[in-house]
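Tertiary structure, described
Letter by letter, the chains look like this.
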Amino acid sequence: MRKLKAMVLLTSALVMAPAAMANIDFPHLEITGVGEVTAKPDMAMIHVAVVSERKSAKAAKLASDKAVAEFINRLNKQGVTREQIESAHINLSPRYQYPKDKAPELTGYRAERQVTVTLNDLTNLNAVLDGALGDGINRISHIQLTSSDYAALEAKAREAAVKDAREKAAALAESLAMKLDGVWQIRYRSSSPRPVMMQAEMRGAKADVAASYQDATMEVRDQVDIIFRLDD
């Protein structure tokens, strides 16, 4: 069988980059391999905030700072170290009313203090959420579950992506009565975790928030674009 003169292309969900789509003067396959690993998370990144509105900027800031300080103190007593807590960000903004046909009227100030907590033990999640509510934290931005073994999961997903690309290429080459003749180019795409996340207001059902994570799973996804040479 004479060699194919036209490019044989296996389409995928993602479009190849311009560099990979450059003219290639030999028979080849362009394959996207996808790998995905599912695991049970054992860590959590909790992003919470306290929002305070007061007549003065100083009072709003003090109210937020007080709630955050109490929350951090409770976390320390629960075994969460200061290095696991990030609480430096604060946003302070004026609040206005806009009466019809009148100039805006300053009504007070809003302070929002954000806190990120890294939990190395998911069994503490309930206690941390309950404590946050008791200390005046009034918003959960989101909770992200992850794994302490993430590097190994990422490596497995990458290996699965390469295997997936090879299997696709081998199957297509066989259907064309041709053989794979090595790899000409590899374009690696960075892995992307698909964490379990939730957004909610911390109001009454705090126990239900934590309970929803007890049987959660996380996915780590990786992919590679590989150009294989073809030979008949």
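The paragraphs below set out a description of the structure included in this document.

Quick notes on the rules
Residues numbered from 1 in each chain as written. Predicted model: local features only at pLDDT ≥ 70, side-chain atom pairs only at ≥ 80, totals over all residues. Heavy atoms only, no water. Core = buried A, V, L, I, M, F, W, Y, C linked by side-chain atoms within 4.5 Å. Buried < 20%, exposed > 50% of the residue type's maximum accessible area, 1.4 Å probe, protein only. Helix = DSSP H or I, 4+ residues; strand = E, 2+ residues; numbered from the N terminus. Contact = heavy atoms within 4.5 Å. Axes fitted to C-alpha atoms, helices over the stretch in contact; angles between N-to-C directions. Parallel < 35°, antiparallel > 145°, perpendicular 65-115°, else oblique. Left-handed = near helix turned anticlockwise from the far one by under 90°. Pairing = 2+ DSSP bridges.

In terms of nonpolar packing, the biggest core is built from 24 residues, with I46, V48, F71, L75, V115, V117 and L119 touching the most fellow members. Elements that contribute at least two residues to this core include exactly β3 (43-54), α1 (57-77), β6 (105-119), α2 (125-134) and β7 (139-146). For this core, the leading source of residues is α1, giving five residues. Beyond its immediate chain neighbours, meaning those up to four positions away, L75 contacts V80, I85, V117 and V128. Ranked by size, the runner-up nonpolar core spans 11 residues in total, among them L29, A165, M178 and V224.

Two elements in contact, α1 and α2, have axes whose closest approach is 9 Å; the angle formed by their N-to-C orientations is 150 degrees. Judged by the inter-axis angle, α1 sits roughly antiparallel to α2. Relative to α2, α1 is oriented so that their crossing is right-handed. Of α2, the residues touching α1 (which contributes F71, R74 and L75) are V128, G131 and A132.

A separate point is the pairing of β3. In regular strands, side chains alternate between the two faces of the sheet. Summarising burial for β3: nine of the 12 residues are buried, a large majority. As paired elements, β3 and β7 share seven bridges and run antiparallel to each other. The residue of β7 that forms the bridge with H47 is H142.

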